[in-house]
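Here is what each chain is made of, one letter per residue.
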Amino acid sequence: MTESPAPASSATGPSRGTPDGERGAARARRGGLLAAGALAALAAGACGGNVVVDGFEPIDGTGGSGATTSSATSSSSGVGQGGEIGEGGAPPIPPLVEEEFADVTAGKSIPVHVPPGTLGITAVAQLVTSSPSWDPVGIESITGPDGRALVSSYSIPGTLAHFFNHGIGTAAVPQTGTAASVPLVPGTYWITVGGGTTGTLAGPARLSVWRRQTLDGRFHGGKIDVNAFIAGDAVSEEYMRRALRSAYSGFVGLDVGDINVHHLGPEWAVVDEELLPSVLEQTAGAAGRPALNVIAVADFTGRLEMAAGATPSAPSVAVEHGTHLSGIVVALFGDLEADAVILRHELGHFAGLFHTTEMEAGYADPLDDTAACEDMGLPYERCPDYDNLMFPTGGDFSSTITPQQTRIVQASALYRGVVEDGGGVASPLPVDPGASASEAPVAPPAPGGSARAGAPDRRAWAAALPPRAATLLAGHFCGHSAALGTGFFGWLRAAGGAGADRLLAVGRDPGAPAHVRARALAAAGRAAAASAPAARVAAELQALAADPRLPRRARLGAIQGVASASPDAARALAARLAADPDEVVERMAARAAR
């Protein structure tokens, strides 16, 4: 965090720098790390990355000196508002306890004692700097009391886990089926911090281990506090609140606590892979710990193009704001049921869940009770895990979640917990120095909308498309494949959805959802550049991009399609839209013309 972060509650723009003004300097100081690192880190969690599965290096049995311990304070003021969780008194023990190890050494294993009654631990390695660092650091290994390697070489074998990132890196136990017991197996766990691919640390580092505990080692509920950041006018405050409550009320036995809404400037409304860490920095000074920061943007571009959500790591960080892992970023569809799936899916990554089956062949989550799809070339509906919340497209939108997936979320440091049956919810942890006071909690919205979604809508617009292509256009798509070099359009082509004219027809169809039209128009431009007369398609896309009657999301997709079909047409479109009333459309057109 910066030495004097801007109060998030009063932010009308970014708290540090600007997307365009800092980009050149940021690129210079980050070198090649950002393109490989941010995407590989996005890898980890949220969605995919490079896997390294070298054997575990034996521990040396040393370390652990200089540990300090802190915990949440308990008071009756910790009882949350709304719902049926936390009606009792203050917790007799703190649900979250932090053990901090200062001046850690790369490659030196640190013993961490886990007592009975522990649901899970979250390890956070961080470089000690006055502002968020761009140098890599992470959790190289975790070994359990029985000597089994739970994390090895910053990964979990068979997954796309990647447990290091810019200035901060995380891993958790449990994240595998073998460790998903309740409570966690007590004993000494050994944690090793390292510098990621560099092998060394760029400077002083510390390790914080957050332990989730209850009196009897069973889950008793809790509340998720949310800081919602709206970039420009990406969504309305009212809709954001409704979507959050629809998604998280009752999810895995948790409820929604305080919701604080903040605003960022329109310059953050469109985010690419380079801006993703910087937009997460804008959460500095937000209220409450632990808390989930949710940043709503209008759209993604660059290597994240067509994503509906991006989470920087699995797990990410709920106990500190303003880091490169401090939240999730979403581009909501505007449909309450579909957006509940997007928000839950990204929260799953944030808490430590992976996709049940990755789009990259041969990779899946490390859980024993989730099915995996043996052939992602088949219609996705035939996959045995298609109903699961963590299927890479969001599946059938029924949000099915298994017991082991549930335990991982419940064991995370995401929420304010209850430690006994009928007990109350803990107070928030003390705020970071310089953080602003919390805004008043948001009252529950008026009734309306269901938290359980049906299958993605595929009415007339999908009739001319192969089923897998229609699923990709309609479903959730997170930043997963950005780290793998394929991305949304590669999968769409593989699914048979590469015909420019058919895609244009979907993009023109007013009966199709706005996000479907956007994806189809962006894909039409790419298809035209590859196999169709680009000039004709570019002209149609230009006309759609300039049509103010179209939903903004569809216009943004058309702009991206123009840029893919014809750079010259993109420059002409940028000039045409230079005075467009929609500032986000104007900015996207200017960016696409570069």
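Structure first, text after, so check above.
As the structure is a computational prediction, the values presented were derived from the model and not from experiment.

### With respect to the overall build of the chain
Consideration 1: When helices and strands are tallied, the chain shows 14 helices and 18 strands.
Consideration 2: The burial tally for the chain puts 62% of its 594 residues in the buried class.
Consideration 3: Across the chain, every contact between residues at least 6 apart in sequence was considered, and the portion connecting residues at least 24 apart equals 79%.

### Some words on the pattern of salt bridges
Consideration 1: Within the structure shown, the criterion is met by 16 salt bridges.
Consideration 2: One network of salt bridges, in which partners are shared, links Asp501, Arg508, Arg536 and Glu540.

### Side note on the state of the cysteines
Consideration 1: For the structure on display, the rule yields 1 disulfide.
Consideration 2: A sulfur-sulfur separation of 2.1 Å characterises the disulfide bridge that pairs Cys373 with Cys383. Its torsion about the S-S bond being -60 degrees, the disulfide of Cys373 and Cys383 is classed as left-handed. Highlighted residues: Cys373 in the loop between helix 5 (336-351) and helix 6 (403-410) and Cys383 in the loop between helix 5 and helix 6, separated in sequence by 10 residues. Each of the two residues, Cys373 as well as Cys383, counts as buried.

### Comments concerning the packing of aromatic side chains
Consideration 1: For the coordinates displayed, the defined rule picks out 4 aromatic pairs.
Consideration 2: With a centroid separation of 5.3 Å and 75 degrees between ring planes, the pair formed by Tyr154 and Phe164 is classed as edge-to-face. Placement of Tyr154 in the loop between strand 6 (149-151) and strand 7 (164-166) and of Phe164 in strand 7 is noted, with a sequence separation of 10 residues between them. Just as Tyr154 is buried, Phe164 falls in that class too.
Consideration 3: Here the guanidinium or amino end of Arg212 rests over the ring plane of Tyr415, the centre of that ring lying 3.7 Å away.

### Structural notes on the nonpolar core
Consideration 1: If you look at the biggest cluster of nonpolar residues, it comprises 79 residues, and the most contacted ones within it are Phe300, Trp461, Leu472 and Ile559.
Consideration 2: The element best represented in this core is helix 10 (residues 514-531), accounting for 8 residues.
Consideration 3: Apart from residues no more than four positions distant in its own chain, Leu472 is found in contact with Met359, Tyr380, Thr393, Phe477, Phe488, Trp491, Leu492, Ala495 and Arg519.
Consideration 4: If you look at the next biggest cluster of nonpolar residues, it comprises 46 residues, including Ile224, Ile230, Leu292 and Ala308.

Here is what the cut-offs are and how they apply
- Residues numbered from 1 in each chain as written.
- Predicted model: local features only at pLDDT ≥ 70, side-chain atom pairs only at ≥ 80, totals over all residues.
- Heavy atoms only, no water.
- Helix = DSSP H or I, 4+ residues; strand = E, 2+ residues; numbered from the N terminus.
- Buried < 20%, exposed > 50% of the residue type's maximum accessible area, 1.4 Å probe, protein only.
- Contact = heavy atoms within 4.5 Å.
- Salt bridge = Lys/Arg side-chain N within 4 Å of Asp/Glu carboxyl O.
- Disulfide = S-S within 2.5 Å.
- Phe/Tyr/Trp six-rings, centres within 6.5 Å; stacked < 30°, edge-to-face > 60°.
- Lys NZ or Arg CZ within 6 Å of the ring centre and 35° of its normal.
- Core = buried A, V, L, I, M, F, W, Y, C linked by side-chain atoms within 4.5 Å.

All quantities given are derived from atomic positions and should not be read as evidence of function.
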